[in-house]
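# Breakdown of the fold
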Amino acid sequence: MAHTPPLSPTVHLPVRLDIGGHVIEAGTLALDPDQPTWPQCAAALRDLAAALVLAADEPPDDEQEVTADAAPRE
């Protein structure tokens, strides 16, 4: 009978972005505990930075308001 190594649990951490007291859930960071942590965090930060650049380059939507709890209002 073949021996199967145990599955490594993935740790999921929420990523919250707080700008001037306005907090949004930016996603989830999935960390593999069997791998070095910092390269995984660095890759996630690069992805977040790229998403922020894309959002910053889009024209603002003058019709949309955002409440203090980050829920869009139309």
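My aim in this report is to walk through the structure given alongside it, one point at a time.

Rules used in this analysis
- The residue numbers shown here count from 1 along each chain, following its written sequence.
- Local features in this predicted model are restricted to residues whose pLDDT is 70 or higher, and side-chain atom pairs enter the listing and the counts only when it is 80 or higher, whereas totals over whole chains, interfaces and linings include all residues.
- For the side-chain quantities, the full set of heavy atoms in the structure was used; hydrogens and water were omitted.
- Put simply, DSSP H or I for four residues or longer makes a helix, DSSP E for two residues or longer makes a strand, and each gets a number counted from the N terminus.
- For this analysis, residues touch if any pair of their heavy atoms sits within 4.5 Å.
- Exposure categories follow from relative accessible area, calculated using a 1.4 Å probe and restricted to protein chains: below 20% of the type maximum is buried, above 50% is exposed, and the middle band is partly exposed.
- Polar contact criterion, stated in full: a pair of N or O atoms within 3.5 Å, where within protein one must be able to donate a hydrogen and the other to accept it, and residues adjacent in sequence count only if both atoms are side-chain atoms.
- How far a helix is expected to stretch is found by multiplying one less than its residue total by 1.5 Å.
- Points on a 1 Å grid over protein atoms alone make up a cavity when a 1.4 Å probe fits among them but cannot get out, and a pocket when they form an open set with protein on both sides within 12 Å along at least five of seven lines; lining residues each have an atom within 4 Å of a point.
- Grid points are joined across faces, edges and corners, and a volume is the space filled by probe spheres set on the points.
- When residues are sorted by character, Ala, Val, Leu, Ile, Met, Phe, Trp, Tyr, Cys and Pro go into the nonpolar class, Asp, Glu, Lys and Arg into the charged class, and all the rest, Gly among them, into the polar class.

## Digging into the environment of Leu-13
Tracing the chain through its elements places Leu-13 in strand 1 (residues 11-19). For the pair Leu-13 and Gly-27, spaced 14 residues apart in sequence, the C-alpha separation works out to 8.7 Å. Here Leu-13 is in contact with Gly-27, Thr-28, Leu-29 and Leu-31, once residues within four sequence places are set aside.

## What about the side chain of Gln-40?
Position of Gln-40 among the secondary structure elements: in helix 1 (residues 37-57). Among the residues examined, Gln-40 registers a relative accessible area of 18% and is labelled buried. In terms of polar contacts, Gln-40 uses its side chain to reach the backbone amide nitrogen of Asp-32, at 2.7 Å. If we ignore the near neighbours within four places in the chain, the residues touching Gln-40 are Leu-29, Ala-30, Leu-31, Asp-32 and Gln-35.

## Concerning helix 1
Given a rise of 1.5 Å per residue, 21 residues ought to cover 30 Å, and the 31 Å separating the end C-alpha atoms of helix 1 matches this to within 8%. On its buried face, helix 1 is in contact with strand 2 (22-31).

## Things to note about the layout of surface pockets
If you add up the space inside the second largest pocket, you get close to 170 Å³. In terms of lining residues, the second largest pocket is bounded by Val-15, Ala-26, Gly-27, Thr-28, Leu-29, Cys-41, Ala-44, Leu-45, Asp-47, Leu-48 and Ala-51. Mapped onto the lining of the second largest pocket, the elements with two or more residues apiece are strand 2 and helix 1. Counting residues per element, the lining of the second largest pocket draws most heavily on helix 1, which supplies 6 residues. Taken together, the residues that form the lining of the second largest pocket break down as 8 nonpolar, 2 polar and 1 charged.

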